[in-house]
Amino acid sequence: MSAAAFTGPSVVDIDAAKVRGAGSNVHFDKVSVAYGTHVVLHPLTLDIAPGEILAMIGPSGSGKTTALRAVAGFVRPASGRIRIGATDVTDLPPYERGLGMVVQNYALFPHMRVEDNVAFGLRAQGADKALIGERVKDALATVGMATFARRYPRELSGGQQQRVAIARALAVRPRVLLLDEPLSALDAQIRRNMVEEIARLHRSLPGLTILYVTHDQTEALTLADKIAIMRDGRVCSHGPTAELYRRPPNRFTAEFLGRANLLPVTVAEAAGSKGFATATHGDAVLTGAGRGEKAGDKSLLCIRPQHLSLTADNEHTNRIVGTLREVHWQGELTHLVLDVDGTPVRVSATKLPVALPEPGTKVPLFFAPADTSLLPEDAGV
Amino acid sequence: MLVWSRSGRLVIWVIFALIFGVLFLAPLAVILLSSLADQWNGVLPNGLTIEHYGDVARGAAWNAVKASLVTGFAASALALVSGAWAALSLRLQGPALQRLLGLLFFIPSAVPSVSVGLGLLVAFSHPPLLLNGTIAIVMIAHFVLISAFTFGNVSAGLARLSPDFEQVASSLGARPAYRLWHVTLPLLAPYLVAAFGLSFALSMGELGATVMVYPPGWVTLPVSIFSLTDRGDIFAGAALTMILVAATLVLLLGLERITKRATGA
């Protein structure tokens with residue numbers, strides 16, 4: 001069955017769509033959501049390609065969960081349309097959208113055993129017994145929970161419960177999997193493992209389209225093909241994960257995704273054929289990857305904390321000087337905070353000189369032009 | 001622990017024992033002893049006998065037990081269905097309407113039960129609603145008096161129920177009726193059973209409205225107890241009270257066991 005023919009959640013139809021084959025794209029067409037007069041999601045136009053993981057990240061109240069709930073059908077858009085594949089689902093009830101959903105607190109049905117939880121969607125859709133048995137087995141095996149089928153949710157750890165919740169969502173062979181802060185309730189160690197497991201899962205189900213809502217940038221960076229960064233009900237940037245990280249288009253993206261340092265500079269010389277522009281910060285002349293700035297433009301030089309070094313070498317040719325304010329040792333990493341002409345600059349270092357300077361002393365910092373990018377000063381979306 | 005010192009804890013226990021003993025145990029103990037008393041002229045009964053139980057069993061006790069159990073079951077079941085329905089429906093309304101209708105539901109519980117009985121008697125004594133002298137009017141009286149409690153219990157359960165359960169069920173393809181039957185109601189089961197238990201206990205002990213509306217041949221336990229004690233047959237009244245307590249306790253314990261089995265608690 002083609003995506004264009006999709007009209008509802010019939011098990012047979014969804015089976016034909018096959019997670020391993022062609023997933024469905026999700027298209028937001030100027031979708032806005034308002035509660036009364038309060039707009040929580042401004043007109044959003046966004047496309048999630050079939051088989052893609054799109055992470056929506058942003059602070060609390062940024063509208064990311066609202067966008068996900070609009071796709072799920074739990075929030076009715078005030079305007080705009082939502083399409084899954086070729087089907088306009090805007091007016092369809094949630095149970096006719098053919099989705100799988102995993103939420104923060106797992107929401108496993110406590111009165112059902114693991115196998116019954118996983119079978120729930122299939123039974124609700126009237127699938128026959130043989131198909132249910134096969135799908136439950138497959139889904140539990142996919143998440144490594146086959147031996148826990150007869151347990152009740154209360155007999156499982158948080159991580160195991162989340163795996164079952166994922167299996168439950170996968171068992172109906174959804175066209176799109178919605179993950180709403182799925183790892184937020186887990187402790188740090190389990191969360192790291194689960195991120196790896198979800199990545200592994202997506203590698204084994206490459207056709208599965210996933211909308212992943214999180215406030216954790218590490219989860220987004222690890223899992224997502226693309227990231228949409230939300231702020232105040234709007235997407236303030238959207239693009240391939242690596243691109244967004246390396247070349248953030250605005251201040252908010254740079255700071256939210258990886259807590260970049262943003263040094264105010266004045267462009268001295270526009271980018272040449274190699275793409276590097278020259279800019280000045282006080283007396284320092286710096287080189288950074290440009291994006292069409294002209295000489296004289298006020299700009300921000302984006303430098304990641306881990307790209308700053310206390311020692312120079314052939315690559316780290318840019319040099320600025322700051323006053324050391326704070327040192328935070330965290331085992332494998334040491335975080336330094338310096339003041340560079342009134343701008344706080346963070347450094348994350350795995351290796352430091354044996355004798356660390358005392359706070360208050362002037363410290364030179366070095367970084368490579370290739371590890372920087374310029375972004376317009378007024379693009380503080 | 002709020003009190004650390006040994007002597008402090010001892011004092012707290014003594015106060016608790018006094019309050020519990022005087023307010024709860026003493027009246028029940030007196031009724032129990034009365035039901036077993038041969039004669040009672042001093043501080044304690046002169047002798048013990050089970051004759052009063054025999055007397056009430058030979059009399060109308062069994063019919064009274066049956067009337068109370070049937071009334072309790074029927075009224076509680078009706079109250080449970082309507083209370084749960086109202087609570088589930090009100091959840092979909094706006095907060096203002098929710099508050100208003102919720103308040104209306106509680107009004108009968110704030111009115112004296114005798115007034116409820118009188119109201120029903122007046123309302124249902126003329127055609128086309130001529131229910132006076134029927135068992136139905138007893139059921140209705142009990143239903144009116146206990147429905148607020150079922151509504152309150154189920155509403156409290158719904159308020160504690162995370163919307164995630166129902167939303168996830170919907171996203172998996174469960175239509176509203178399937179979701180209600182397989183997710184919402186099982187998750188509410190402890191509250192439903194508690195609501196039923198409370199309603200049943202209240203119905204078993206209801207006297208004020210029942211005494212106004214009961215027809216001949218449908219004399220409930222509290223009405224029988226009232227009649228016996230009114231005639232001065234205190235010991236038989238006490239025996240019947242103990243039967244009422246036992247019947248209620250057995251049913252409530254049974255309900256608790258069923259809930260535990262059903263919810264796997």
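Residues numbered from 1 in each chain as written. Chains lettered and ligands numbered in written order. Predicted model: local features only at pLDDT ≥ 70, side-chain atom pairs only at ≥ 80, totals over all residues. Heavy atoms only, no water.

Let's shift gears to the packing of aromatic side chains. Residues and elements named next belong to chain B. Within the structure shown, the criterion is met by 12 aromatic pairs over all chains. Seen in terms of ring centroids, F105 and F151 are 4.5 Å apart; in terms of plane orientation they differ by 25°. Their pairing is stacked. Placement of F105 in helix 4 (residues 95-110) and of F151 in helix 6 (residues 135-160) is noted, with a sequence separation of 46 residues between them. Exposure remark for F105: the relative accessible area of 23% places this residue in the partly exposed category. On the basis of relative accessibility, which here comes to 4%, the residue F151 falls in the buried class. (Phe/Tyr/Trp six-rings, centres within 6.5 Å; stacked < 30°, edge-to-face > 60°. Helix = DSSP H or I, 4+ residues; strand = E, 2+ residues; numbered from the N terminus. Buried < 20%, exposed > 50% of the residue type's maximum accessible area, 1.4 Å probe, protein only.)

This next bit is on the nonpolar core. A general tendency of soluble globular proteins is for nonpolar side chains to be buried together. Judged by nonpolar contacts, the single largest core of 125 residues is most densely connected at F28 and M56 of chain A. At 9 residues, the largest contribution of residues to this core is made by helix 3 (residues 61-90) of chain B. Residues contacting M56 of chain A, with those up to four places away along its chain left out, are F28, L44, L46, K64, A67, L211, Y212, V213, T214, A228 and M230 of chain A. With 21 residues, the next largest nonpolar core counts I320, L338, V347 and V363 of chain A among its residues. (Core = buried A, V, L, I, M, F, W, Y, C linked by side-chain atoms within 4.5 Å. Contact = heavy atoms within 4.5 Å.)

Applying the stated criterion to the full structure yields 0 disulfides over all chains. Unpaired in terms of disulfides, C236 of chain A finds its nearest cysteine sulfur in C302 of chain A, a separation of 14 Å. (Disulfide = S-S within 2.5 Å.)

Moving on, we come to unusual backbone geometry. All names here are of chain A. For A107, which is not a glycine, the phi torsion comes out positive at approximately 50°. In this fold, A107 is placed in the loop between strand 6 (99-102) and helix 3 (114-124). Judged by relative accessible area, which is 2%, A107 ranks as buried. The phi dihedral of R259 is positive, around 45°, even though this residue is not glycine. By relative accessible area, R259 is classed as partly exposed at 47%.

The subject of this paragraph is the domain arrangement of chain B. All names here are of chain B. The domains assigned to chain B are domain 1 (1-49) and domain 2 (59-263). The gap between the C-alpha centroids of domain 1 and domain 2 is 31 Å. Each partner contributes to the interface: domain 1 provides 8 residues, whereas domain 2 provides 5 residues. For the pair domain 1 and domain 2, the summed buried area comes to about 550 Å², and 86% of that belongs to carbon and sulfur atoms. Among the residues of domain 1 in contact with domain 2, I31, S34 and S35 are the three that bury the most area, contributing 59% of the side total. At the surface where domain 1 touches domain 2, the tally comes to 0 salt bridges. (Domains from an automatic or database assignment. Buried area = accessible area lost by both parts, 1.4 Å probe. Salt bridge = Lys/Arg side-chain N within 4 Å of Asp/Glu carboxyl O.)

It is worth spelling out the environment of E166 of chain B at this point. All names here are of chain B. Turning to its location among the elements, E166 is positioned in helix 7 (residues 163-171). The buried category is assigned to E166, whose relative accessible area is 9%. For the pair formed by E166 and T184, sequence separation is 18 residues and the distance between their alpha carbons is 6.9 Å. In this structure E166 touches R91, R179 and T184, once residues within four positions along its chain are discounted. Among the polar contacts made by the side chain of E166, one reaches the side chain of T184 at a distance of 2.7 Å. (Polar contact = N/O pair within 3.5 Å; in protein donor to acceptor, adjacent residues only side chain to side chain.)

Attention now moves to the interface of chain A and chain B. Of the residues lining the interface, 24 residues belong to chain A; the matching set on chain B comes to 20 residues. Taken together, both faces of the contact between chain A and chain B bury some 2000 Å²; the carbon and sulfur share is 64%. Of all residues in chain A, Y95, H111 and F120 of chain A give up the largest surface area on contact with chain B, accounting jointly for 30% of the area buried on that side. The interface formed by chain A and chain B contains 1 salt bridge. For the salt bridge of E96 of chain A with R175 of chain B, the shortest nitrogen-to-oxygen distance reads 3.3 Å. Elements supplying a minimum of two residues to the side of chain A that touches chain B: strand 6, helix 3 and helix 5 (158-171) of chain A. A per-element tally of the side of chain A that touches chain B places helix 3 of chain A first, with 4 residues. Residues belonging to the side of chain A that touches chain B are distributed by class as follows: 15 nonpolar, 4 polar and 5 charged. (Nonpolar A, V, L, I, M, F, W, Y, C, P; charged D, E, K, R; others polar.)

This part covers the pairing of strand 2 (residues 38-48) of chain A. Residues and elements named next belong to chain A. Across 7 bridges, strand 1 (residues 26-35) lies against strand 2 in antiparallel orientation. Of the residues in strand 2, the one forming a bridge with A34 is V39. The turn linking strand 1 back onto strand 2 is made up of 2 residues, and G36 within it adopts a positive phi angle of 65°. (Pairing = 2+ DSSP bridges.)

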